[in-house]
Amino acid sequence: MSTDYSWLICHPSEQDEQILQPLFKEALQSATLPTQSKAVLHKWQQNPDHLFQDWTTGTGDIYNHFVLAFMIESFQTLWNALATPEGKNGFYFSPDNCIDILSINRCSIGAILAYGLGPQRFAQLPGFMGNML
């Protein structure tokens, strides 16, 4: 059994941004990483190539913790609230503000982006672990 990870790409209006910014700020303030994910991200920052070296010789735990490091609970909670027909605080996803959905099997899109950009360039992205607004 596997998991599909998705990013929803939106183009909110100025009014939507006024609703979303405090919600993202709240999610950011309560965002935390599990200890194992912090350790793996630190190793990745020190030596980006170690992920695949350790993955091929180990059990995949390091790879799994890297993938899960980008699944921040406070942002998942926000997503769950926004991804309802009612939305939250007057904002809801619609064809007018949603451009596309990226969905990847077994690897979080944040992990793919981070690994592709490398630690230095990824650190320049706004937001917490690639959860950008």
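This one's a predicted model, so the numbers in the text were calculated from it and none came from an experiment.

With respect to the overall build of the protein chain
Alright, step 1. Each helix and strand counted, the protein chain has seven helices and two strands in total.
Alright, step 2. What you see in the protein chain, going N to C, is helices and strands ordered as β-α-α-α-α-α-β-α-α.
Alright, step 3. A buried classification covers 32% of the 133 residues belonging to the protein chain.
Alright, step 4. Summed over all atoms, the accessible surface of the protein chain reaches about 8700 Å², with 52% contributed by carbon and sulfur.

Topic: the packing of helix H2 (residues 35-46) against helix H4 (residues 61-68)
Alright, step 1. Closest axis-to-axis distance for the H2/H4 pair is 8 Å, and the angle between their directions is 100 degrees. Looking at the two axes, H2 sits roughly perpendicular to H4. Of the residues in H4, those in contact with Gln 36, Ser 37, Val 40, Leu 41, Lys 43 and Trp 44 of H2 are Ile 62, His 65, Phe 66 and Leu 68.
Alright, step 2. In the contact of H2 with H4, the residues fall into six nonpolar, three polar and one charged.

Considering unusual backbone geometry
Alright, step 1. Positioned with a positive phi, Asn 89 is a non-glycine residue whose angle comes to about 55 degrees.
Alright, step 2. Tracing the sequence through the fold places Asn 89 in the loop between helix H5 (73-82) and strand E2 (98-105).
Alright, step 3. Judged by relative accessible area, which is 55%, Asn 89 ranks as exposed.

Regarding the environment of His 11
Alright, step 1. Position of His 11 among the secondary structure elements: in the loop between strand E1 (4-10) and helix H1 (14-29).
Alright, step 2. On the accessibility criterion, His 11 (57% relative accessible area) is exposed.
Alright, step 3. Placed 85 residues apart in sequence, His 11 and Asp 96 show a C-alpha to C-alpha distance of 8.2 Å.
Alright, step 4. Apart from the residues lying within four places of it in its own chain, the contact partners of His 11 are Asn 97 and Ile 99.

Thoughts on the nonpolar core
Taken as a class, soluble globular proteins show a tendency for nonpolar side chains to be buried jointly.
Alright, step 1. If you look at the biggest cluster of nonpolar residues, it comprises 26 residues, and the most contacted ones within it are Leu 41, Trp 44, Phe 66 and Phe 70.
Alright, step 2. Looking at this core, the elements with two or more residues in it are H1, H2, H4, H5 and helix H6 (109-117).
Alright, step 3. If you tally residues by element for this core, the top one is H1, at five residues.

A few points about the confidence of the model for the protein chain
Alright, step 1. This prediction gives the protein chain a mean pLDDT of 82; 87% of its residues lie at or above 70.
Alright, step 2. Taking the mean pLDDT of every element in the protein chain, the minimum, 66, falls on helix H3 (residues 50-57) and the maximum, 92, on H1.

A word on the packing of aromatic side chains
Alright, step 1. All told, the structure shown has seven aromatic pairs when counted by the stated rule.
Alright, step 2. Note on Phe 24 and Phe 75: the rings are 5.8 Å apart at their centroids and 55 degrees apart in plane angle, and the pair reads as tilted. Taken together, the residues Phe 24 in helix H1 and Phe 75 in helix H5 connect sequence positions 51 residues apart. The exposure classification of Phe 24 matches that of Phe 75, with both residues buried.
Alright, step 3. Joined through ring pairs, the aromatic side chains of Trp 44, Phe 66, Phe 70 and Phe 122 make up one cluster.

Here's the deal with a nonpolar patch on the surface
Alright, step 1. Judged by side-chain polarity, Ile 9, Ile 99 and Leu 102 come together as a nonpolar surface patch covering roughly 250 Å² of accessible area.
Alright, step 2. By the element assignment, Ile 9 lies in strand E1.

Definitions and cut-offs
Residues numbered from 1 in each chain as written. Predicted model: local features only at pLDDT ≥ 70, side-chain atom pairs only at ≥ 80, totals over all residues. Heavy atoms only, no water. Helix = DSSP H or I, 4+ residues; strand = E, 2+ residues; numbered from the N terminus. Buried < 20%, exposed > 50% of the residue type's maximum accessible area, 1.4 Å probe, protein only. Areas by Shrake-Rupley, 256 points an atom, 1.4 Å probe, with all protein chains shown as cover. Axes fitted to C-alpha atoms, helices over the stretch in contact; angles between N-to-C directions. Parallel < 35°, antiparallel > 145°, perpendicular 65-115°, else oblique. Contact = heavy atoms within 4.5 Å. Nonpolar A, V, L, I, M, F, W, Y, C, P; charged D, E, K, R; others polar. Core = buried A, V, L, I, M, F, W, Y, C linked by side-chain atoms within 4.5 Å. pLDDT = per-residue confidence, 0-100. Phe/Tyr/Trp six-rings, centres within 6.5 Å; stacked < 30°, edge-to-face > 60°. Patch = residues over 30% accessible without salt bridge, like charges linked within 9 Å, V, L, I, M, F, W, Y side chains within 5 Å. Salt bridge = Lys/Arg side-chain N within 4 Å of Asp/Glu carboxyl O.

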